[in-house]
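So the chains spell out like this:
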Amino acid sequence: QVQLVESGGGLVQAGGSLRLSCAASESILSINSMRWYRQAPGKQRGFVAYITSGGTTNYADSVKGRFTISRDNAKNTVYLQMNSLKPEDTAVYYCNALKIPVNYWGQGAQVTVSS
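Residues numbered from 1 in each chain as written. Predicted model: local features only at pLDDT ≥ 70, side-chain atom pairs only at ≥ 80, totals over all residues. Heavy atoms only, no water.

Draft legend 1. Inspection of the packing of aromatic side chains at higher detail. Within this structure, the stated rule accounts for four aromatic pairs. Pairing Phe-47 with Tyr-50 gives two aromatic rings, centres 5.8 Å apart and planes at 50 degrees, and the pair type is tilted. Above the face of the Tyr-94 ring, Arg-45 is positioned so that its terminal group lies 3.6 Å from the ring centre. Note that Arg-45 overlies the ring of Trp-105, its terminal NZ or CZ placed 4.7 Å from the centroid. (Phe/Tyr/Trp six-rings, centres within 6.5 Å; stacked < 30°, edge-to-face > 60°. Lys NZ or Arg CZ within 6 Å of the ring centre and 35° of its normal.)

Draft legend 2. Broad picture of the side chain of Glu-6. For Glu-6, the position within the fold is in strand β1 (residues 4-7). Among buried charged residues, Glu-6 stands out as having no salt bridge; its nearest opposite-charge side chain is Arg-45, 7.6 Å away. A distance of 2.5 Å separates a polar atom in the side chain of Glu-6 from the backbone nitrogen of Cys-95. Polar contacts involving the side chain of Glu-6 include one to the main-chain amide nitrogen of Gly-108, which spans 2.7 Å. (Helix = DSSP H or I, 4+ residues; strand = E, 2+ residues; numbered from the N terminus. Buried < 20%, exposed > 50% of the residue type's maximum accessible area, 1.4 Å probe, protein only. Lys, Arg positive; Asp, Glu negative; His and termini not counted. Salt bridge = Lys/Arg side-chain N within 4 Å of Asp/Glu carboxyl O. Polar contact = N/O pair within 3.5 Å; in protein donor to acceptor, adjacent residues only side chain to side chain.)

Draft legend 3. Layout of unusual backbone geometry. Between Ile-100 and Pro-101 the backbone carries a cis peptide bond, its omega angle lying at 10 degrees. Structurally, Pro-101 can be placed in the loop between β9 (91-99) and β10 (102-105). A positive phi angle, close to 50 degrees, is found at Asn-76, a residue other than glycine. Within the element layout of this structure, Asn-76 appears in the loop between β7 (67-72) and β8 (77-82). Phi at Ser-84 takes a positive value of approximately 50 degrees, unusual for a residue other than glycine. For Ser-84, the location among the structural elements is in the loop between β8 and β9. Its relative accessible area of 43% is what places Ser-84 among the partly exposed residues.

Shown next, in the form of structure tokens:
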């Protein structure tokens, strides 16, 4: 059982930055991939970014060039640095850990971007 705790959400003006953190209860090197998803009101949860245990990263087209996923193996923590934020980035952001074959989810962190 992998437990995930997100932090770092909040309210920011358009053009600003936030950094989300996701702390895992075990070594993230034992987890196949760590991912961020988001869900805006009235919309389905959608993929934002991932980083694999080998360090490969991938991003949704809507955040490429603005968001960066990274990790600190010693702290068992994954980060999502979000720059040039837009109102359409407003959502609850969820951390996900895929430890094949099981997906684990965090409780979510609210990010609100005002125009």
